[in-house]
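Below are the chains, spelled out letter by letter.
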Number of protein chains: 2
Amino acid sequence: MGKPASPEAKPGATIYSVAEHAGVSIATVSRVLQGAAVVAEATRQKVLTAVDALGYVPLGAARSLAVRHHEAHGLVLPELSGPYYAELLMGFEARAAELDQSVVLVLTDSRTDLVAAVRQLATRVDAIAVFGSAAIPADVVRSLRAKKPVVVIAGEPHDGIEAVVAENVESARELAGHVLDHGRRRVLFVGDPDSGSDVRNRHAGYVAAHRDRGLDAAEPVRVALSEADGAAFARRLLAGEHEADALMCANDELALSIMTALQDAGRDVPGDVAVVGWDDVMTSRYVRPGLTTVRQPVHELGALAASRLHELVSGEPPREDAQMLPTQLVVRGSCGCT
Amino acid sequence: MGKPASPEAKPGATIYSVAEHAGVSIATVSRVLQGAAVVAEATRQKVLTAVDALGYVPLGAARSLAVRHHEAHGLVLPELSGPYYAELLMGFEARAAELDQSVVLVLTDSRTDLVAAVRQLATRVDAIAVFGSAAIPADVVRSLRAKKPVVVIAGEPHDGIEAVVAENVESARELAGHVLDHGRRRVLFVGDPDSGSDVRNRHAGYVAAHRDRGLDAAEPVRVALSEADGAAFARRLLAGEHEADALMCANDELALSIMTALQDAGRDVPGDVAVVGWDDVMTSRYVRPGLTTVRQPVHELGALAASRLHELVSGEPPREDAQMLPTQLVVRGSCGCT
DNA sequence: CTGTTAGCGCTTTCAA
DNA sequence: TTGAAAGCGCTAACAG
């Protein structure tokens, strides 16, 4: 009795074994599988029969090597908590699927060696989309760009790397204006304008809305974008460290955690202080009062990134300036509307 | 003047050009890049210099072909709305990263030809994890299994395909028991036990809790798991089509939309009717009353799937029965507790 | 319509 | 410590 076969042994049918089984050449097998050239119906059937008799699964790597491209797009995102990145990914994946591209995903928050991860990614895809705040050193992105098409999502275009973004400045101006027009005179911007171009532009719109009305904008309260950061800020606000009759938060997570903390402390929202956010996450519809916020076309943004990647791979030249998708103000009760 | 080079032309450095530039053989280049064999320090430096002078990016496909594996795991999920799948994916990706495996993602809701998508996936990865309710025909999964390791997440093990799951029956029994012990006597199960093993097992626990107390369980109200389905059910409940003093919903989306709809109609939750869910999504902490629910170790579930895939690829035999991760009851106010 | 054959770029013996 | 050379499995001319 010989050594027992590993229970996981892969049969390992190749194009050769299929050809042999079908009594044709490997070229013919390749032709029927690619569906390209014309093959006699009888021959085609023989091949197909052989294929599933042997349970043949082509080796993608061999094809990629021969055709000299991967038929895959890379996507680099910070993480997936909250609906924003997930929705972006869904849009990206859906469009990539339409274009017959696989998507290989890298989440930077789980990586210790980000640079290595991206380099490794570049090894197996034709093009890469990177989220703006994914914290990849600019020179890494640039060197990547020298080898493969790259687009940055929600970031600034630079060095021939094109960008796709959602509109921020004008909608922020509109949102801040809306709050100001409720008669609020001390509206604080909560979020760090230096943390990325999205927040920077939202802050710019906030400042513009004040300027429009001849008002002075307060200094931004620089906090990160998580629920925990919001809760911490709420405590400081409650302790009297800040004075405000309205809060314009850089995203909904922040707005939600702050609003809830204020309510739990007995403050009235929007009576004592109005709170508005950005993103229109699911929770924003459920809380009371409903959170006034801005909805971004996140799905479309992902899809656009995938489309551009494909076009760049196809040889189209990169665009000079960012493609911008429109956003939409969603007015609910937390801003002071009834 | 010749034809202008495409602005997207990839330089196309290969191991040969690097070797030439460094004045060594391609074998040596390979050795320093793999870090495997010992190479004289001086030689190593020459190679490294050449590598970034040329901006060399190895071609993954060529390596895969030579080493005969992809160093990539496939993951098939239905979609990513809501935190459940996103969290699962994060867990999977993180563990895969630790194991130096790329992850290529397929979302079935965006596919018209699911079978083709999975077949195509099999072409470029070493192993595949499929979410239980991803609606892949059983025979496709089985034929896949003949070629590569497969694990199903939150499904039943079968035909040598192993499964990883979160505990459902006992926690459902505990949850239903908790509601019953609040004195509720007409608790309805909202969700379709035939839609997948998760819901089936939650329903089984619900039935068991009744049996434990010598009570009769009502027939389940078979609805799908989205917010829209919940809202539709709420309308029917409000219209008097069902009678209940408590609702045990198959997931939080359902519970949340139902609870909100009831409240909007003036019903008191939990006074008139208690509502409990499953998953502990973010919103469940924010609504008032807080939603009583069950928290699953979703991240760990994803990580476990990735681990098993890797072990299977390494030749370990598949397990007979599902590996089960414990869940945790999260009691807030919606069940009747104060 | 089908077969032969030359690579695609990399890893890995085997020698030196 | 290094080089030569034989593949890995597939595609795509090129012949026939």
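What counts and what doesn't
Residue indices follow the written sequence of each chain, beginning from 1 at its first position. For this description, chains carry letters from A and ligands carry numbers from 1, given in the order in which they are written. Where local features are concerned, this predicted model is filtered to residues with pLDDT of at least 70; where side-chain atom pairs are given and counted, the filter is 80 or more; whole-chain, interface and lining totals use all residues. Neither water nor hydrogens contribute to the side-chain values; these are computed over all heavy atoms in the structure. Near residues are defined by distance, with any heavy atom within 4 Å of the molecule or strand qualifying the residue. Two N or O atoms count as a polar contact when they lie within 3.5 Å, although within protein this holds only if one can serve as hydrogen donor and the other as acceptor, and sequence-adjacent residues are included solely when both atoms are side-chain atoms. Starting at the N terminus, helices and strands are each numbered in turn, a helix being any DSSP run of H or I of at least four residues and a strand any DSSP run of E of at least two. Note that Gly is not counted as nonpolar here; it falls among the polar residues with everything else outside the nonpolar set of Ala, Val, Leu, Ile, Met, Phe, Trp, Tyr, Cys and Pro and the charged set of Asp, Glu, Lys and Arg. Residues below a pLDDT of 70 in either copy are left out; the C-alpha atoms of the rest, at least 70 in both, set the least-squares superposition of the copies. Whether two residues touch is decided by their heavy atoms; if any such pair falls within 4.5 Å, the residues are in contact. Whenever a pair of cysteine sulfur atoms sits within 2.5 Å, that pair is classed as a disulfide. The cut-offs for exposure are 20% and 50% of the maximum accessible area for each residue type, with area from a 1.4 Å probe on protein chains only; residues under the lower value are buried, those over the upper are exposed, and the others partly exposed. One bridge is not enough; two strands pair if DSSP finds at least two bridges between them. Geometry is summarised by axes, namely lines fitted to C-alpha atoms with helices restricted to the contacting stretch, and by angles between N-to-C directions that run from 0 to 180 degrees. Any angle between 65 and 115 degrees counts as roughly perpendicular, while under 35 counts as roughly parallel, over 145 as roughly antiparallel, and the rest as oblique. Take the far helix as the reference: if the near one is turned anticlockwise from it by less than a right angle, the crossing is left-handed, and if turned clockwise, right-handed. Summed over both partners, the accessible surface that disappears when two parts come together, traced with a 1.4 Å probe, is what is meant by buried area. A side-chain nitrogen of Lys or Arg and a carboxyl oxygen of Asp or Glu constitute a salt bridge if their distance falls within 4 Å.

The subject of this paragraph is the protein's contact with DNA strand C. Around DNA strand C, the surrounding shell holds 27 residues, and the nearest of these are Arg 31 and Thr 43 of chain A together with Ile 15, Gln 34 and Tyr 56 of chain B. For DNA strand C, the fraction of protein-proximal atoms (within 4 Å) that sit in sugar or phosphate groups is 62%. In this structure, Gln 34 of chain B approaches DNA strand C through a side-chain N or O atom, which is 2.5 Å from a phosphate oxygen. The separation between a phosphate oxygen of DNA strand C and a polar side-chain atom of Tyr 56 of chain B is 2.3 Å. Counting only elements with at least two residues in the surface near DNA strand C, the list comes to α2 (26-34) and α4 (60-67) of chain A together with α1 (15-22), α2 (26-34) and α4 (60-67) of chain B. When its residues are assigned to classes, the surface near DNA strand C shows 18 nonpolar, six polar and three charged.

With that out of the way, let us pick up the relation of the copies chain A and chain B. By a simple turn and slide, chain A fits onto chain B: the slide is 0.0 Å along the axis, the RMSD is 0.1 Å, and the turn is 180°. Such a turn and shift between the copies fits a two-fold axis. Same-surface contact between copies: 100% of interface residues of chain A are shared with the interface of chain B.

Looking now at the state of the cysteines. In a disulfide, the sulfur atoms of two cysteines are held together by a covalent bond. All names here are of chain B. Evaluated as defined, the whole model comprises zero disulfides over all chains. Of all cysteine sulfurs, the one in Cys 337 lies closest to Cys 335, which takes part in no disulfide; the gap is 3.7 Å. Look at Cys 335 and you get buried, because its relative accessible area is 0%. Look at Cys 337 and you get partly exposed, because its relative accessible area is 22%.

We now examine the pairing of strand β5 (residues 162-166) of chain A. All names here are of chain A. Within β5, five of the five residues are buried, which leaves the element mostly enclosed by the surrounding structure. Side-chain alternation along β5 places Glu 162, Val 164 and Ala 166 on one buried face and Ala 163 and Val 165 on a second face that is also buried. Relative to strand β10 (residues 323-325), β5 is paired through three bridges, and the arrangement is parallel. When the sheet's bridge partners are listed, Ala 166 is paired in β10 with Leu 325.

Attention now goes to the packing of helix α5 (residues 83-98) of chain A against helix α13 (residues 298-313) of chain A. A pair of packed helices is characterised by two quantities: the angle between their axes and the separation of those axes. Residue and element names in this part refer to chain A. Remark: α5 packs on α13, axes separated minimally by 7 Å, with the N-to-C direction vectors making an angle of 40°. It follows from the interaxial angle that α5 and α13 lie oblique. The interaxial crossing formed by α5 with α13 has right-handed handedness. Where α5 abuts α13, its residues Tyr 84, Glu 87, Leu 88, Met 90, Gly 91, Phe 92, Arg 95 and Ala 96 lie against Val 298, His 299, Leu 301, Gly 302, Ala 303, Ala 305, Ala 306, Ser 307 and Leu 309. When the residues that make up the contact of α5 with α13 are grouped by side-chain class, the tally is eleven nonpolar, four polar and two charged.

So, on to the interface of chain A and chain B. Taken together, the 62 residues of chain A in the interface contact 63 residues of chain B. Both sides together, the interface formed by chain A and chain B hides about 5,100 Å², and carbon and sulfur atoms give 57% of it. In this structure, the salt-bridge partner of Asp 264 of chain A is Arg 288 of chain B, at a minimum N-O distance of 3.1 Å. For the pair chain A and chain B, the number of links is 27 residue pairs in polar contact (both at pLDDT 80 or more). When residues of the side of chain A that touches chain B are traced back to their parent elements, those giving at least two are α4, α5, β2 (102-107), α6 (114-122), α7 (138-147), α11 (252-264) and α12 (282-286) of chain A. Its residues assigned to classes, the side of chain A that touches chain B comprises 32 nonpolar, 14 polar and 16 charged. Note: β2 of chain A against strand β2 (residues 102-107) of chain B, three bridges, orientation antiparallel. Note that in β2 of chain B the partner of Val 103 of chain A across the bridge is Leu 105 of chain B.

As a further point, take the side chain of Glu 162 of chain A. All names here are of chain A. By the element assignment, Glu 162 lies in strand β5. We classify Glu 162 as buried; its relative accessible area is 1%. A distance of 2.7 Å separates the side chain of Glu 162 from the side chain of Arg 308, its partner in a polar contact.

A word on the sheet that holds strand β8 (residues 274-276) of chain A. All names here are of chain A. As summarised here, the arrangement of the three strands in space is β6-β7-β8, forming an open sheet in which the pairing is parallel. Two strands lie at the open edges of the sheet, namely β6 (187-190) and β8, each paired on one side alone. In this sheet, neighbouring strand axes are inclined to one another by 15° on average, regardless of whether the strands run parallel or antiparallel. Direction of pairing for β6 relative to strand β7 (residues 246-249): parallel, over a ladder of four bridges. By the bridge assignment for β7, Val 187 is matched with Ala 246. In the packing of helix α8 (residues 169-180) onto the sheet, the strands contacted are β6, β7 and β8, and the crossing angle to β7 comes to about 170°.

If you check the shell around DNA strand D, you find 26 residues, and the closest are Ile 15, Gln 34 and Tyr 56 of chain A together with Arg 31 and Thr 43 of chain B. Taken together, the sugar and phosphate atoms account for 66% of what DNA strand D places within 4 Å of the protein. Arg 63 of chain A is positioned such that a nitrogen or oxygen atom in its side chain is 3.1 Å from a phosphate oxygen of DNA strand D. Sorting the residues of the surface near DNA strand D by element identifies α1 (15-22), α2 and α4 of chain A together with α2 and α4 of chain B as the ones contributing at least two each.

Now for the pattern of salt bridges. Residue and element names in this part refer to chain A. For the structure shown, the criterion picks out 38 salt bridges over all chains. In this structure, Arg 142 engages Asp 159 in a salt bridge whose closest nitrogen and oxygen atoms are separated by 2.8 Å. Placement of the pair is Arg 142 in helix α7 and Asp 159 in the loop between β4 (150-153) and β5, with a sequence separation of 17 residues. Overall, the relative accessible area of 37% leaves Arg 142 in the partly exposed class. Arg 222 is the salt-bridge partner of Asp 192, the closest N and O atoms lying 2.8 Å from each other. One end of the pair, Asp 192, is in the loop between β6 and α9 (197-212); the other, Arg 222, is in the loop between α9 and α10 (227-238), with 30 residues separating them in the sequence. Within this structure, Glu 162, Arg 308, Glu 311 and Glu 316 form a network of salt bridges that share partners.

Functional significance is not addressed by these values, which are geometric in nature.
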